[in-house]
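The residues making up each chain are set out below.
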Amino acid sequence: MDDALFVHRIHFAFTVTYHYLFPQLTMGLALLIVALKTLALRTRNPAYDDAARFWTRIFGINFLAGVVTGIPMEFQFGTNWARFSQLTGGVIGEPLAMEGVFSFFLESTFLGMFLFGEKRLGRIGHWWAAFLVFAGSWLSGFFIVAADAWMQHPTTYSRLPDGSFQVTSLWGVLANHWAWLQYIHTMSGAVVTGAFVMAAVGAFYVLSGRHDQCGRIFVRCGVIAGLIASAFQIFPSGDLHGRYVAQNQPATTAAMEELFHSQAGAPVVIMGQPDVERQRIDNPIAVNDALSFLIYGTTKAEVAGLDRFPKRDWPTNIPLLYFSYHVMAGLGTLFVALMLTAGLLLWRGSLFRTRWALWCLMLSFPFPYIANTAGWMTAEIGRQPWLVYGLVRTADGFSSNVSAANGLFTLLGYMGLYTLLSALFCSSSTARLKKARHPSRPPLREALRWKPFGSFWSH
Amino acid sequence: METVWFVLVALMLVGYAVLDGFDLGAGVLHLLAARTDAERRLLLESIGPVWDGNEVWLLAAGGTLFYAFPLLYASSFSGFYLPLHMVVWLLVFRAIGIEFRTRLDTRVWCDFFDGAFSLASILLIVVFGAALGNVMRGVSLGPDHYFFAPLWTNFQPGADPGVLDWYTVLCGVVTLVATTVHGALYVAMKTEGPLNARMRSAVQWLWPVLVVLSAVAVPVTVFVRAQLLDNYRAVAAGWLIPILVAAGLAGILYFTRARQERNAFLSSCLYVAATLGGAAFALYPTLLPSSGNPANAITIRNAAAGSHSLSMGLVWWGAGMAIACGYVIVVYSMFKGKVQAGYGEHG
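1. Here's the deal with the overall build of chain B
Here is step 1: The number of helices and strands found in chain B is 14 helices and two strands.
Here is step 2: Rg of the C-alpha trace for chain B: 20 Å, near the compact-globule value of 20 Å for 347 residues, within the 12% margin.
Here is step 3: Dimensions of chain B along its principal axes, counting C-alpha atoms only, are 65 × 40 × 40 Å.
Here is step 4: For chain B, the residues scored as buried account for 58% of the 347 residues in total.
Here is step 5: When contacts within chain B are restricted to residue pairs at least 6 apart in sequence, those whose partners lie at least 24 apart make up 74%.

2. A word on the pairing of strand E5 (residues 280-287) of chain A
Residue and element names in this part refer to chain A.
Here is step 1: The pairing of strand E4 (residues 268-275) with E5 spans six bridges and is antiparallel. Paired with Met 271 across the strands is Ile 285, a residue of E5.
Here is step 2: In this structure, the hairpin formed by E4 and E5 is closed by a connection of four residues, where Gln 279 is found at a positive phi of approximately 55°.

3. Here we look at the packing of helix H2 (residues 46-79) of chain A against helix H13 (residues 404-435) of chain A
Residues and elements named next belong to chain A.
Here is step 1: At a minimum axis separation of 10 Å, H2 and H13 run at an interaxial angle of 170°. Compared by their axis directions, H2 and H13 come out roughly antiparallel. Residues Arg 57, Ile 58, Ile 61, Ala 65 and Pro 72 of H2 lie in contact with H13, whose contacting residues are Tyr 414, Leu 421, Phe 425, Ser 428, Ser 429 and Arg 432.
Here is step 2: Its residues placed into classes, the contact of H2 with H13 shows seven nonpolar, two polar and two charged.

4. A short note on unusual backbone geometry
Most of the time, phi is negative for any residue but glycine, and the peptide bond is trans.
Here is step 1: The omega angle of the peptide bond from Phe 235 of chain A to Pro 236 of chain A is 5°, so this bond is cis rather than trans.
Here is step 2: One can find Pro 236 of chain A in helix H7 (residues 212-248).
Here is step 3: Even without a glycine there, the phi angle at Gln 279 of chain A is positive, about 55°.
Here is step 4: Within the secondary structure, Gln 279 of chain A sits in the loop between E4 and E5.
Here is step 5: Residue classification places Gln 279 of chain A among the partly exposed residues on the basis of 13 C-beta atoms within 10 Å.
Here is step 6: Despite not being glycine, His 145 of chain B shows a phi value in the positive range, around 70°.
Here is step 7: Tracing the sequence through the fold places His 145 of chain B in the loop between helix H6 (107-137) and helix H7 (166-190).

5. Digging into the environment of Pro 242 of chain B
Residue and element names in this part refer to chain B.
Here is step 1: Mapped onto the secondary structure, Pro 242 falls in helix H10 (residues 240-257).
Here is step 2: Since 15 C-beta atoms lie within 10 Å of it, Pro 242 is described here as partly exposed.
Here is step 3: C-alpha of Pro 242 to C-alpha of Tyr 271: the two residues are 29 residues apart in sequence and 9.4 Å apart in space.

6. Some words on the interface of chain A and chain B
Here is step 1: Chain A puts 58 residues into the contact, and the matching count from chain B is 63 residues.
Here is step 2: Broken down by element, the residue count for the side of chain A that touches chain B peaks at 20 residues, all from helix H3 (residues 82-116) of chain A.
Here is step 3: Of the residues assigned to the side of chain A that touches chain B, the class counts are 30 nonpolar, 21 polar and seven charged.

7. Points about H6 of chain B
Residue and element names in this part refer to chain B.
Here is step 1: Taking 1.5 Å of rise per residue, 31 residues should cover 45 Å, and H6 covers 45 Å from first to last C-alpha, within 8% of that figure.
Here is step 2: Most of H6 is tucked away, with 22 of its 31 residues classed as buried.
Here is step 3: Downstream of H6 by one or two residues, Gly 138 has phi in the positive range, about 95°.

Analysis parameters
- Residues numbered from 1 in each chain as written.
- Chains lettered and ligands numbered in written order.
- Predicted model: local features only at pLDDT ≥ 70, side-chain atom pairs only at ≥ 80, totals over all residues.
- Helix = DSSP H or I, 4+ residues; strand = E, 2+ residues; numbered from the N terminus.
- Rg over C-alpha atoms; globule rule 2.2 N^0.38 Å.
- Buried ≥ 20, exposed ≤ 12 C-beta atoms within 10 Å, placed from the backbone.
- Contact = placed C-beta atoms within 7 Å.
- Pairing = 2+ DSSP bridges.
- Axes fitted to C-alpha atoms, helices over the stretch in contact; angles between N-to-C directions.
- Parallel < 35°, antiparallel > 145°, perpendicular 65-115°, else oblique.
- Nonpolar A, V, L, I, M, F, W, Y, C, P; charged D, E, K, R; others polar.
- Expected span 1.5 Å × (residues − 1).

Laid out in structure tokens, this is it:
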């Protein structure tokens, strides 16, 4: 732990991994809440309003946790990755500043109205508040993905004499193909998380015989959204993204698939433990020709293996990359299977009597978090050893003026702080789950937040 | 072009100081002046709908700084590594204090959350003040424009200063008093009854302290860095700024005595904005002075992003901030008037 580069990498990895536990649910739930509120408007069934209201409370806590864990991310570009920031600020700074200016103000303005303004805004007004919060959070996601996509696949830039980058076309950064492919993949991953969480809470209520009506709406909504999103996640978004990676980062694809030697009819190794030193896979279970087919649409095509690239350009942690990718892809496949089964049972009208299926739904909510995390690990470990692919190495980007000990000190600080935050988050969301829909006493927070607006509306 | 962005970033930071300043100041008074649970709720209600929006100004300013002056962002954020991460921790603590107080309905924990909110607010203000002090005083920049500031060295603003020395601590104290007054005026404007009276008497107690501290801070700053007077010597119109500062100070006392709470708060806004504006005017075109070799200083010229990026950015930035200012106006006009006591229990 005395290697500054290592400490700075772990510092960012830890804080960003923890942070992303929250936004994925925020973005997924935001869409589902808008869907529930749309259903409530169209069917005039108050049960949908109750359902939306329940998730709005969870959304509030989750959003807050996402905001407070997001602040360190913006600071860390400067504190821990100063050389990188200096070089790329002219490009990366643009989507990040745009996020602040366009998304954060939008979200912070309408979040209060959305969380605490249902009575005052009326049904239509409140739908709009929900929609604008949804739009803000998805816009925010886009700017972040666009920044990351430029690091993965730099486009429309020029270099100044001191080596720093500047954009030649802002549109080019925002319209980067990589950004759009990564964005739809990331967003549908977020919807998968939202759908699984919603279905799990619904299954819990149905199984325990509490709030049965609400529980059924959650399960139905969660299963339908989960089926659509997890299918979309594999095809077309995962497929397109995977092929784009293979074209533009062939060394990454070779490492993800553990293809040491270039070959025609390359296999997909579904399971196994890569041994990088001996350049082979232990205990492999492989499907021959599958990789060539997935990338090029023909089983005969030759796929470049790691032997095609100099060793200094190989991803720095090949086994971890391999496992991340396979955890993501494996879980993604299981999600489709689970949601397809649940969807069929729902269609046949027997899901709510099939206790084992409800148990599966209830217990499966942690796995989308794992899959989304593994997906981001695949993207970011796969980009190594580069910070900006092919242009800036990770080893040249960190703050060389910040020693390993200082980095370790603040890393430990974040670990402590996030432990506290986790405890508070868990206790307040379980408190919410227990209360479910008992609006006998309005939550204190509603009165707290909304009252001033009240004076405006009543005068 | 660099000058335009210097002004824009300065404006965003002034916006942050004026807006988040009052809810930070309210945090200072939360434990000291709001004594009962009802009063503390009232105080939180007065900042409830706006505090997180105010904090967005800091994030947006940070993003804009990153974009417009990458070298300054990179050098100062890594150089002030420890204090900046502590700022983040305090921001998280403060948000926890405000938000979880009402989410976990447990009386015992209320004290914990009140303490977290208030203590984090106090420390944040002092750190922000000290940060301003550091920027005025300068840091020991190397020829590559990088540095690493230890938290303290010998408490002297010499050639190799720490983050804390007697000058930056003084800046922290001035900021603490100024922000407390700012927050007290805001809470007084938003509330009635004993809380309102206590806020007004806090202002009257703190006002002479603030005047003395402000009067001391100016010559001391010139003593620490004499070059800060250069712009005032070159442009006589610059002397309007100290006049505005004095007008703000006078307005605070006059309008508080006259019980015109809104005008008193606006005077305080003027005071905060003019003080920071004066500091920015004194620094220009330097962004971060060097305490050693002046050639190592970070200026708008060596820190700015490419001019093509910057001129393109003006378009979307202008549009985005115009919309953002629209939001601010909407929220504050919705939030007009006094917060009434007891609503929290019955609403």
